[in-house]
Structure formats: C-alpha cells, structure tokens
Amino acid sequence: MIHEAYSIFFIIFSVFIAIITSYTTLVVIERIIDGKRLRKKPLLVTGAFIMAIGIFSMHFIGMIAFHIDAHVNYNGLLLLIAFLCALLSSLTAFFLLHIQPVTKTKKVISGLAISAGIIFLHFIATFAIHEQVEVQFTSVYFFLTLSTSLIFSFIAIQIVINMRNKPNHPTLNNVVNGVILGLIVSAVHYTGVKAIRFLDTPLSIHNGVEPIVLGNIVAFSTILIMVATLLSAYIDNRSLNAQRSLIRKIEESETRYRRLLERSPEPTFVHDGKLIFFVNDACIQLVEASHKSEIIGKDIFNFVHPDDKNKLLDYAQALKKSGKVDVFSHQRIVTLKGTIREVEVAWLEIIYNNKPATQVVMRDLTVQNKIKRELEEKNQRYLSLFKHNPDPVFSLDRDGYFIEVNSVVWDLLAYSEEELLQMTFHQLISPNLLEEVKIKFAEALNGKPQHYEIIAIGKSGIKIPAQIILIPIDIDNRITGVFGIAKDLTLEIEARKRIEELAYTDQLTGLPNRAWFYKTFPELLHSSMENNIPITLFSIDFDNFKDVNDTLGHHIGDIFLQQVSKRLQESLRQNDEITRIGGDEFFIILQGVTDAEVSIIAERIIQSMNQSLTLLGHELTVTLSIGISKHSDSNTDMDTMIKQADIAMYYAKEKGKNNYQFYTNELNERVTRKVKLENSLRRAIEKQELKLHYQPLIDIHRGKVVGVEALLRWNPSFGFVSPCDFIPIAEETGLIVPIGEWVLKETCRQIREWQNKEVFPIVPVAVNVSARQFKSANFIENIKQIIHDANIDPTLIQIEITESVMLDLEESRELIQELREFGLKIAIDDFGTGYSSLHLISNVQFDTLKVDKSLLDKGFQNKNNISILKVVLEATKHSNHMTIVVEGIETKEQVDVLRAYNVICQGFYFSKPLPPDQLAEKIKEITDQE
C-alpha cells in the first residue's frame, strides 16, 4: 500500500510548471492572434501541445510529490491516453476560438472541452499507477475539482478573447494571467488528488526508475521544451516587432498615399483589369457621379467611348508587356449623364491590398481642347478676316514698318507685297498730313485707338482719300505695334457731295431748301457782322395758295410753285440767295443793300408775280405778301430776324395782301400786345374777367323795348380791352368756342335771375355765335343742354349768326332749321357786308335780319349806302314773319327816316350796352320817353 508523503519541493515545482505552461501557452496564443501571420495552424498545434504537456507534467510531478517515499510504477498506455485527452481538448478549444465569429456556444464548448481534458488527464493518469485506486465521486473534493476545472477553462477562454480584442497588451498581462491560470490548474490537480483513495493492497515491487529521477526527467524535459518555446517565441517576437514596425510604416505610407489619391485634384481610379475598386473625389466629379458606389464594382469599359474601346485594349496589352508608365492622349470617356469628355490617361501597375492592380490617373482635357479649338478657330477667323477683308488691312511694328498686308492694300497702292513689307507708312502719306499722322500713330502706340482721314499716295503718284482706324496690338500688357484698317473714300466723298446736294436742295423747285438755309444763314449773318455788311431777310408767302391746291389739285399746285420759283429767281440779283422753306413759303437773303434797294427788289418781285400765270389751261393771278427784316445790331440773331420777317409778312397780309412791309418796333409792340392779349384771354373765364352788357332793341313805332342783345366785355388786370381787339384773337386761336359757351350759360343764368326778381317784362335776348362755334362738334347738343340746365323757355334766346356762316348754305340751313324747331330764334347779323345778301333772304328760314351799321355810316351823305338800305327795307317791308333790326342808330335824323319802315332800332341813340343791374332802369326810362 502506498503511504502518503509530501514533498514541498515537488509541490512548488509542479505549481511552477503549471505557471510556466500557462505563460508559454499565452505567448503562443499571442503569436496566433497576430493578424500579420499567414501560417497559423502550426502555431495552433504547438500551443495545444504546450498546454497539454504542461498540464500532464504538472500532474505527473504532483503525483510524485504525493508518493515521494514509494517506488511507483505506471501504465505507459494510460499515461499516453491521459496526455492525448489533454492534447485533443486543447486543440478543440483553440480551433473553436480561432474560427470567427466567437459565439457563446463556441465559448461554452471550448470551456467544457478544456475542463474535460484536465479532468480526464488527472484521473486517467491516476489510474495509470499500478495500485488499486478508488475515486470518491461523492466527496466534496471531487465537486471542487470539477468546478475548479470549469473556472480554469472559462477564465482561460476569456483571457484568450480579451487578447484577440486587444492585441497590443503589455507583457505583464501575460505574466499575471499565466500565474492565475497556473494556480488554478494546480488547485484542480490537488483537489482532485484529495478525491482519490488508494486501497490497502500489497505493494507490488517492480524494478524501475526511481520516481524522483523520473519526475525530474519529466519536469526538466518539460521545462526545457517550455524554455525552447519561450526562446523561440522571444526571437519570433523580436522578428515580429521588426516586421510590425515595417508593416506599420508601410501601412502609414499606404494611408498617406491613399489620402494623397483621395485629395488629388487629378481624377484617379484603381482597377484589376476589369472592375473598378477605388476612385477619388475628383474622379467622381469627372464622371458626374454623386457617390463612389455608382462607380466601384463597375466595368471600366462602361465609361469608355465606344469608338475608343479597341484602342484602349491595344494600349492595355502593350502596357502589360512593357510594364512602363505611359500616356495615352485623346482618350474619350462617357459620364453617367452621357456627357463625352476628353482626357489624358496615365497607367501604372501597382499592388493594391496585396493584389496586382492598375492605377489610372486622368487629366480632363475637355476645357483645354475646347480652348485650343477656339483659339485655332479664332486664328483662322482672324486670317480669314485679314486676307478676305474687302478693305485694306495691315499691321505695323513700333517703327512703322509693315508686318502684314492683305491683297487689297497692294492692289490699291499698286505696290507689290514684297515692296510694302520693306516700307514704312511715312512713305505713303501726303506730306502736308504726315505730322498729324505721326501723332495719331504715337497715340495708338500709347494704347489709344485712333480714327482719322488721310490722303494716301500710290506708286504712280495717285492721291487716294482714305479713312484709317488704328488699334493697338497688346501682348502681355505691352504694345508691340498696331493693326490698321483702311477704307477708300473716293466713292464715298463723291456720294457725300451728291447727298449734300440732295440734303440741301428742294426736290420740287431745285432751290436750296430749309436745311440749307438753317446751315448757311448763320454763317452769312456772322460774316456780315464781322465785315459790317448789311444783310436783309425777305419772308414771302403766296396769298390764297391753299385755294389753288383745294380747287385745282396738288399737281397744279406743284407746277404753280415751280413757275413762281423761276419768277422769284429772275427778279433777284446774281448774288442774292433764295430758299424754299416749305409749302408756299420762301426766304430771300440780300447782302450789301440799302433800304431803297430793298424796296425796289420787293416791288419788282410783286410786279413780276402779278402777271397772270397759265397752268394747264387755268389762268391764275398771283399775289404774295412780303415781310422784310434788316439786321440792326450785333444782338440780332437768325431766329430773331426770321421772327421779325414773319411778323412783317403777316402784317402785310393784314394790310390787304399783295404788298411788302418792313419790320418796325411799332409793329413789334403790336404783335407783343397781341401775344399778351392771347395769353391773358386763355385765363379770362377762370379769372372771372368776362362780363355781359345788354343793349336794348326798340320798336320805334310803339316805343317799347322788344329785346336786348348780350354783348361781351373783358376787363383784365391791365385794363379794359375792346371787343374789336380780343374777339378776332379769340376767333383765330379757337378760344371763341369756350367763350361762346360761357356767354350762352351766363345769358341763361341772367334770364332766370330776371324772371325770379320780375324787375321788367322778360324779352328775348340775342346772343352772338361765331362761324367757328356754329360749326363746332356738338354745337346744337350743347345749346340744348345749357338751356335745359337753366330751365328757361328757348324762345327767350335768339342766336345771331353772320353771313360768313352761310358759305355752305345747305349744311347751315339744316342746322338753322333744327335750332328753330327746338324753339330758338335765329337772326342774321351784319347783313349787307358778306357774300350772299338778298340771295340769303330767299333761301334760309330765319326770324330776324339785322342790317349792319355800315350802311348808315356818314348818315345820308353816302347815296350808295342809302340806296342799298332802301332796297333791303322795301324787300322786307311787307314780311310779317321777319323782323328787321337796324344797328348803329346814333342820331334822331336816322330814327325819323326809319319810321317809314317796319323796323326795330338799336344803337347808342337809345342806350349804350349796360350791365344787368342798370338795364331795368334804362328800359323804364325808354318806355316813359316814348
């Protein structure tokens, strides 16, 4: 029977063996975990073997420590099985933990495998002793052995996992973990020994090796293996560290290289001959992609223009054979959006992720080639513009020598191209213009374009007028010469002369026209002032020329102007100037003439024109009015002289036409007053300056007032103005229309006021209507509206019109009829002074005939007037439907004569025109007198 004996040395030695084993195993595992190793399976086997032999050695020495005094023999086969159990369990755990991913199941299986290997090794090795042994399965030590082995297993597995997750851990961690695992595995062994009981059987004596010797051999053999392993691991570790350092540097270099590629402005990608597996941002932008995923994994030929694919394949094959970097120009790629881009491509064979690959660097030539094409096109356009320009084109250097000339230059100047390229421009300029041209050339060399005209001298001496444009040639902010464009002005100058003739000539008469006058007269005026030569301006207007156009047609009017133009020219002296301003208006300029000579010329013109003129069977008498303005002082300018001549001409028309008038200061004052009256009259209604006075109409047989006439008065701020002065102005300017409406409204208002106050029996009120107002649009509608708004009886209003209204008898008759139908009375005013007279009486329906006071002028001394008056009165003596009013009664003698006739009288003999507030008293006075 084996008696228990303890050897402290061997117990400690066994623990030491367990710790060394654990540490060595961890070192081997560390080598396995290193990702840089390619052959890891031998290390897995080595690690499992170290772990198995270490546990086996620790167990064997521990058993010797328990039986130090006995000679123990072992069953070699069982020892081998025990060792194999440890080895297989270790291999199983190592391989499971090596395969990724490490799941919980793998952890559990690995832990159970290691735990089972330790337990089986312990108890099989125990049974290898040639003694009877009993395992106390129910003892607490057996359960402690199991639990401790499991704890060891799972701690060992967690340490391995931690080493995998954190590969770069300190060496001290391996030492600490080795001590922990060694102590635990020792605890497993010694608790397991306590769970075994050796039975009391006779000790078999066998010859053999002493247990101590055998234990020492096994222990030191194990230690030797461990040391050899650690030494190998140490050497390997140093080599591995060096390798790691080198790999780290390579990785850092590769990282920097990749960053460089990523940030490179040149589009770059890497492919394996078919598929793309790396692109930088510039490449993404080039192919118009939004993300790398749109490119990576795609065939490189997806981006190659179809026409360039075969060319690219040939290039790739040539590159593989030579292995050299090369550039393939004019390669076209197709972007994801279908855009075609031209690129320059550089290929390089590289190792990428430990695999052969090709790096491709591209340079986008699209813009560059576009610019190159545009430059080429511009150059061709320049050459085309230069060579084929119809105008002479040339370039000069800074010294004035010709650099280039087109064919038009030598054709124009009759020099050959070779001759011109040896010359300067100085030799081709008229000498009197050379200094000016030099200045222009110098200005162009200073960067200022020039535009001027010259006289060029050809080879034969011919003088050619030309227009020159010089443009600086600016290269890199330095003027190297000038471009020149010339234009032959020979034909243009001739055309200018012809155009000037046309521009300044009246096409109808052949005389100088309005433009010529306004260009030439200021020059003549200035010259006469400087030389103290008198100058006179005639303003001529033909009388009633409008009637010629209206009655005979514009064609006859044109012939008329042509004929009278000739007569005007024939009436002038040789140096006198005549111009047609427009229509029938002409100006004549006389220089160096006295007032007497001016009058002689004016009279000669009038006499010449007064001779009858026959045009296409029509015999015409020509009259004209002439206004004459003389240059009086240095302040008389062109516009003033024209104005003065026109004023004098209009005054000549007022004086009966067919005469001439000189402009005078009195005439100017008259015109000035007229302008002043016109301007003031335009605001007279607004300023309430117009008033109505009323003159009674008397029935001399009954002595009663049978009507009144409303007469307009104007009293502006500068004093009373006679109707004889402002009524013609109102007629001329058209102001008579609004003034006439105001008169009618004011008359209606006054009638309504008289009716309301009942100051005297209401009688009809006569209101004068001018020809212009009578023919204005809406005249009748306006009258009706005014009377309607005033709410008065239309029969209280009598409209007075003059004979001039009746020129268009038919139209006037219809208007008069419509007014009479409305209830208005119609009176013909100023009868005996117009166009129709007695013919009018028989053709127009009217109510009153007012005989003009001119028939009573100078009383009864004018026998003609008396005769006309008697004819009118006798013709209307027995007319019951017509009232005869004789105007201008101023004497009792006139009244006595008129008593023999059925007439109404009006005049200052009875009453002057009175304001409304004095009229009632005057009517009462007249009635009482009769």
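Residues numbered from 1 in each chain as written. Predicted model: local features only at pLDDT ≥ 70, side-chain atom pairs only at ≥ 80, totals over all residues. Heavy atoms only, no water.

It is worth spelling out the overall build of the protein at this point. Regarding its fold elements, the protein presents 29 helices and 27 strands. Split into buried and exposed, the 930 residues of the protein put 46% on the buried side. Contacts in the protein between residues at least 24 apart in sequence constitute 65% of all its contacts with a sequence separation of at least 6. (Helix = DSSP H or I, 4+ residues; strand = E, 2+ residues; numbered from the N terminus. Buried < 20%, exposed > 50% of the residue type's maximum accessible area, 1.4 Å probe, protein only. Contact = heavy atoms within 4.5 Å.)

Time to look at the nonpolar core. Core analysis: the largest hydrophobic core is formed by 68 residues, its most contacted members being L681, F774, I797 and I801. Excluding anything up to four places from it in sequence, I797 contacts L744, T747, C748, I751, V765, I787, I792, L824 and K825. Core analysis: the second largest hydrophobic core is formed by 32 residues, A602, L620, V622 and I626 among them. (Core = buried A, V, L, I, M, F, W, Y, C linked by side-chain atoms within 4.5 Å.)

We now examine a nonpolar patch on the surface. Residues L77, L80, I81, L84 and L88 make up a contiguous nonpolar surface patch of roughly 450 Å² in combined accessible area. Position of L77 among the secondary structure elements: in helix α3 (residues 76-98). On the accessibility criterion, L77 (56% relative accessible area) is exposed. (Patch = residues over 30% accessible without salt bridge, like charges linked within 9 Å, V, L, I, M, F, W, Y side chains within 5 Å. Areas by Shrake-Rupley, 256 points an atom, 1.4 Å probe, with all protein chains shown as cover. Salt bridge = Lys/Arg side-chain N within 4 Å of Asp/Glu carboxyl O.)

On to the confidence of the model for the protein, then. Residue-level pLDDT values for the protein average 79, and 78% of them are 70 or greater. A low-confidence stretch, residues 202-209 stays under pLDDT 50, and its non-local contacts, those more than four residues away or across chains, total 10 contacts. (pLDDT = per-residue confidence, 0-100.)

Moving on: the packing of helix α19 (residues 638-654) against helix α20 (residues 665-681). The N-to-C vectors of α19 and α20 enclose an angle of 85°; their axes lie 10 Å apart at closest approach. The angle between the axes of α19 and α20 places the two elements in the roughly perpendicular class. Where α19 approaches α20, its residues I647, A648, Y651 and E654 are matched on the opposing element by L667, N668, R670, V671 and K674. Taken together, the residues of the contact of α19 with α20 sort by class into 5 nonpolar, 1 polar and 3 charged. (Axes fitted to C-alpha atoms, helices over the stretch in contact; angles between N-to-C directions. Parallel < 35°, antiparallel > 145°, perpendicular 65-115°, else oblique. Nonpolar A, V, L, I, M, F, W, Y, C, P; charged D, E, K, R; others polar.)

You will see that K657, though not glycine, has its phi angle at about 65°, which is positive. Residue classification places K657 among the partly exposed residues on the basis of a relative accessible area of 32%. Positive phi is not limited to glycine here, since Q688 has a value of about 60°. Assignment of secondary structure puts Q688 in the loop between α20 and β20 (690-699). By relative accessible area, which is 64% here, Q688 ends up exposed.

Moving on, we get to the pairing of strand β21 (residues 704-714). Of all 11 residues that make up β21, 9 are buried, and the element is covered over most of its length. Inspection of the sheet shows β20 paired to β21 by 10 bridges, in the antiparallel sense. Its bridge partner being in β21, Y694 is matched across the sheet by A710. Here β20 hands over to β21 after 4 residues, with G703 in that stretch at a positive phi of 70°. Of the pairings in the sheet, the one linking β21 to strand β22 (residues 765-768) comprises 3 bridges and is parallel in character. Looking at β22, one finds that V708 is bridged to V765. (Pairing = 2+ DSSP bridges.)

On to the sheet that holds strand β13 (residues 535-542), then. The mixed open sheet is built from 5 strands, whose spatial order is β14-β15-β13-β18-β19. Strand pairing shows two members of the sheet lacking a second neighbour, β14 (577-582) and β19 (660-662), which therefore form its edges. Mean inter-strand twist for the sheet, computed between neighbouring axes without regard to direction, equals 20°. Against the sheet, α19 contacts β13, β15 (585-591), β18 (624-630) and β19, and its axis sits at roughly 145° relative to β18.

In this section: the packing of α20 against helix α21 (residues 723-733). Contact geometry of α20 with α21 gives a least axis separation of 10 Å together with a crossing angle of 70°. When the axis of α20 is compared with that of α21, the two are roughly perpendicular. Residues R673, K674, L677, E678 and L681 of α20 form the contact with α21, whose participating residues are D725, F726, I729, A730, E732 and T733.

Applying the stated criterion to the full structure yields 15 aromatic pairs. Where F542 meets F586, the ring centres are 5.9 Å apart and the plane angle is 80°; that geometry is what we call edge-to-face. A residue pair is termed long-range when its members are at least 10 positions apart, and F542 in strand β13 and F586 in strand β15 qualify at 44 residues. Residue F542 shares its accessibility class with F586, and that shared class is buried. One aromatic cluster is present, formed by F517, Y518, F521 and F587 through successive ring pairs. A cation over an aromatic ring shows up here: K676 above the ring of F718, its NZ or CZ 4.4 Å from the ring centre. (Phe/Tyr/Trp six-rings, centres within 6.5 Å; stacked < 30°, edge-to-face > 60°. Lys NZ or Arg CZ within 6 Å of the ring centre and 35° of its normal.)

Here E678 is to be found in helix α20. Taking the C-alpha atoms as reference points, E678 and L735, separated by 57 residues in sequence, lie 9.0 Å from one another. With residues near it in sequence (within four places) discarded, E678 still touches I729, T733 and L735.

Turning our eyes to something else, we now look at the pattern of salt bridges. Between side chains of opposite charge, pairing is possible as soon as their charged atoms come close. As enumerated under the stated definition, the model contains 29 salt bridges in all. Residue D595 pairs with K630 through a salt bridge whose shortest N-O separation is 3.0 Å. Here K630 lies in strand β18 and D595 lies in helix α18 (residues 595-610), a separation of 35 residues in the sequence. Given the relative accessible area of 43%, D595 is considered partly exposed. Residue classification places K630 among the partly exposed positions, given a relative accessible area of 25%. A salt bridge links D896 to R899; its shortest N-O distance comes to 3.7 Å. The exposure class assigned to D896 is partly exposed, which follows from its relative accessible area of 37%. The network of salt bridges with shared partners includes E709, E800, K850 and E887.

A separate point is the side chain of Q450. Assignment of secondary structure puts Q450 in strand β10 (residues 450-457). On the basis of relative accessible area, Q450 is assigned to the buried category, the value being 11%. For Q450, the side chain forms a polar contact with the main-chain oxygen of K448, separated by 3.0 Å. Setting aside residues up to four positions removed in sequence, Q450 forms contacts with K440, E443, A444, I468, I469 and L470. (Polar contact = N/O pair within 3.5 Å; in protein donor to acceptor, adjacent residues only side chain to side chain.)

Helix length check: helix α22 (residues 736-757) (22 residues) gives 31 Å between terminal C-alpha atoms against 32 Å at 1.5 Å per residue, within 8%. For α22, the complete set of buried residues consists of I736, I739, G740, W742, V743, L744, E746, T747, C748, Q750, I751 and W754. E758, located one to two residues past α22, shows a positive phi value of around 55°. (Expected span 1.5 Å × (residues − 1).)

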